[in-house]
Every structure is written in C-alpha cells, then in structure tokens.
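Remarks on the overall topology
Listed here are the chains, written in short residue letters.
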Amino acid sequence: KFKAIILDEKAFFRAITRISHEIIEKNKGVESIVLVGIVSRGVPIANLIAEKINELENENVKVTSLNISLYRDDLTEIGDVPLVKSNEINFDITGKNIILVDDVIFTGRTVRAAMDAIIDVGRPKTIQLAVLVDRGHRELPIRADYVGKNVPTSRKEIIKVRVKGIDSLNEVSIYSV
Ligand code: 5GP
Ligand code: MG
C-alpha cells in the first residue's frame, strides 16, 4: 500500500548532484575513480552520477557493473545469501578508488558480497559506497559514504525506487506490505 513519495524527480536529481559533489570532494578529483553499479537499479544511478561528475569535472569516469542476486539456500536454512552472478570488472583495479552504487542499503549483505567480488579481482586503494536510500536494519558493520536520503523504515515497509532506463520516471516512494 502506497504511503508517501520520498524523493520526487527534482529531489532525486538534487540527491544525485550532491552525491556527485561529495565524491569529487572526498577523492580530491576523480582521476582514479571507478563507479560500480549493482544490478539492477544501481546501474542507471551510477550512470547518472557519472554524467554529473563528468559535467562538473570535464572528465570521463569509468562505469561498470556487478550483478548480485539473492540465492536461497533451502538445505541449510541460512536464509537468503547474496551471490555474485556476473562481474564486469575485467580491468586492473590496483590503486583505484572504487565507488559501489546501489539503490537501497538494508542488511548490508549485498554490499558485503560486492566487496568480496571486488577484492577477488584486485587490490583497490579504497572501496566506497553510495546509495540513494539507507533504510536501516543493518546486520553487518557496513555503512554508506554517500547517502541520498536516510529513511528509517519498519521491516514491513519497502522502498520503491524507480529510475529512468528501467522505469518510466525517477522517483522514490515508501509502501507498506
Ligand atoms: P541488503 O543486501 O542490504 O539486505 O539489501 C540491499 C539490496 O536489496 C539492494 O540491492 C536493494 O536493491 C535491495 N533492497 C533491499 N531492501 C529494499 C527496499 O526496501 N527497496 C528496494 N527498492 N530495494 C531493496
Ligand atoms: Mg538490488
């Protein structure tokens, strides 16, 4: 059941713009940055951030993706385990500042799997995390460096993120289930 719009199109783009500025400032430029969008909606969000950074810095930031999906292990009853399905990082990441980008962070398990996948590939200088929404309920000691909006939720609520490229508009809203 629909509850409220959290970011309308204008607020959505303001969040993207602020995160882009923060990434540039924190990294003192963007020469060594690689944006890694987590499939699916992390990818168009990463592309929007890259576009904004490129516009601000007159650069051409690299964008790639990681596909991490939940795998239900029925035998051991350990619940849903995020597994890396495909890793598009096929270049040297040594010394790079990797910015993981996702739509929502919840327990932190997806980000943990993403960090494992990156560390398997090489030795980046840093791994940073940008999310459009932090909805709380972390189960691991993981936090985002760049947050579009903190939205304290109950477990019975879900955040609906819509991004152009996948959806017909850019909007974030909250629903109860
Ligand atoms: P986590 O692994 O942190 O528990 O969950 C984060 C992943 O699940 C993200 O890739 C995100 O897309 C998805 N996710 C978890 N909760 C929500 C939610 O309320 N709304 C949306 N849109 N995605 C969620
Ligand atoms: Mg996801």
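Structure shown above.
Predicted model, so just to flag it, every value in this text is computed and none were measured. (Residues numbered from 1 in each chain as written. Chains lettered and ligands numbered in written order. Predicted model: local features only at pLDDT ≥ 70, side-chain atom pairs only at ≥ 80, totals over all residues. Heavy atoms only, no water.)

**Section: the overall build of the chain**
If you tally the helices and strands in the chain, you get three helices and nine strands. Whereas a compact globule of 177 residues would reach a radius of gyration of roughly 16 Å, the chain reaches 16 Å, a difference of no more than 12%. Taken along its principal axes, the extent of the C-alpha atoms in the chain is 45 × 40 × 30 Å. Looking at the 177 residues of the chain, the share that counts as buried comes to 46%. (Helix = DSSP H or I, 4+ residues; strand = E, 2+ residues; numbered from the N terminus. Rg over C-alpha atoms; globule rule 2.2 N^0.38 Å. Buried < 20%, exposed > 50% of the residue type's maximum accessible area, 1.4 Å probe, protein only.)

**Topic: the pattern of salt bridges**
For side chains bearing opposite charge, pairing can occur when the charged atoms are close. Using the criterion set out here, one finds 12 salt bridges in the structure. We note a salt bridge from glutamate 157 to lysine 3, for which the minimum N-O separation is 2.6 Å. Taken as a pair, glutamate 157 in strand S8 (residues 157-162) and lysine 3 in strand S1 (residues 2-7) lie far apart in primary sequence, 154 residues in all. Between glutamate 139 and arginine 109 there is a salt bridge, with its nearest N and O atoms 2.9 Å apart. With glutamate 139 in the loop between strand S6 (126-134) and strand S7 (146-150) and arginine 109 in helix H3 (residues 109-121), the pair connects residues that are 30 residues apart, well separated along the chain. Residue classification places arginine 109 among the partly exposed positions, given a relative accessible area of 35%. Salt bridges sharing common partners tie together Lys26, Arg143 and Asp145. (Salt bridge = Lys/Arg side-chain N within 4 Å of Asp/Glu carboxyl O.)

**What about the sheet that holds strand S9 (residues 171-176)?**
Overall, antiparallel pairing links the three strands, which are arranged S1-S9-S8 in an open sheet. Strands at the two margins of the open sheet, each flanked by one partner only, are S1 and S8. For this sheet, the mean inter-axis angle between neighbouring strands, taken without regard to orientation, is 25°. Examined bridge by bridge, S8 and S9 share six bridges and lie antiparallel to one another. Across the sheet, the residue bridging to valine 161 is valine 172, located in S9. In the packing of helix H1 (residues 9-26) onto the sheet, the strands contacted are S1, S8 and S9, and the crossing angle to S1 comes to about 45°. (Pairing = 2+ DSSP bridges. Axes fitted to C-alpha atoms, helices over the stretch in contact; angles between N-to-C directions. Contact = heavy atoms within 4.5 Å.)

**A word on the site of ligand 1**
In the vicinity of ligand 1, the contacting residues are Asp102, Asp103, Val104, Phe106, Thr107, Gly108, Arg109, Thr110, Arg135, Ile158 and Ile159. Between ligand 1 and threonine 107, the relevant distance is 2.5 Å, taken from an oxygen atom to a side-chain nitrogen or oxygen of the residue. Side-chain polar atom of arginine 135 to an oxygen atom of ligand 1: 3.0 Å apart, as the coordinates give it. Protein chains bury 76% of the 500 Å² of accessible surface belonging to ligand 1 in isolation. The pocket occupied by ligand 1, as judged from atoms lying within 2 Å of grid points, is the largest pocket. (Near = heavy atom within 4 Å. Polar contact = N/O pair within 3.5 Å; in protein donor to acceptor, adjacent residues only side chain to side chain. Areas by Shrake-Rupley, 256 points an atom, 1.4 Å probe, with all protein chains shown as cover. 1 Å grid on protein atoms, 1.4 Å probe; cavity = no way out; pocket = protein on both sides within 12 Å on 5 of 7 lines; lining within 4 Å. Sits in = over half its atoms within 2 Å of the grid points.)

**Description of the nonpolar core**
Of all hydrophobic cores here, the largest spans 31 residues; its most connected members are Leu35, Ile49, Leu132 and Val172. Contributing elements (two or more residues each) for this core: S1, H1, strand S2 (33-38), helix H2 (42-57), strand S5 (97-105), S6, S8 and S9. Here this core takes seven residues from H1, the largest share from any one element. (Core = buried A, V, L, I, M, F, W, Y, C linked by side-chain atoms within 4.5 Å.)

**Description of the pairing of S6**
The buried fraction of S6 is high, at seven of nine residues. One ladder, built from eight bridges, connects S5 with S6; its direction is parallel. Bridge pairing links isoleucine 105 to aspartate 134 in S6. In the classification by handedness, the crossover that spans S5, the intervening H3 and the parallel S6 is right-handed. (Right-handed = clockwise from strand over helix to strand, strands pointing away.)

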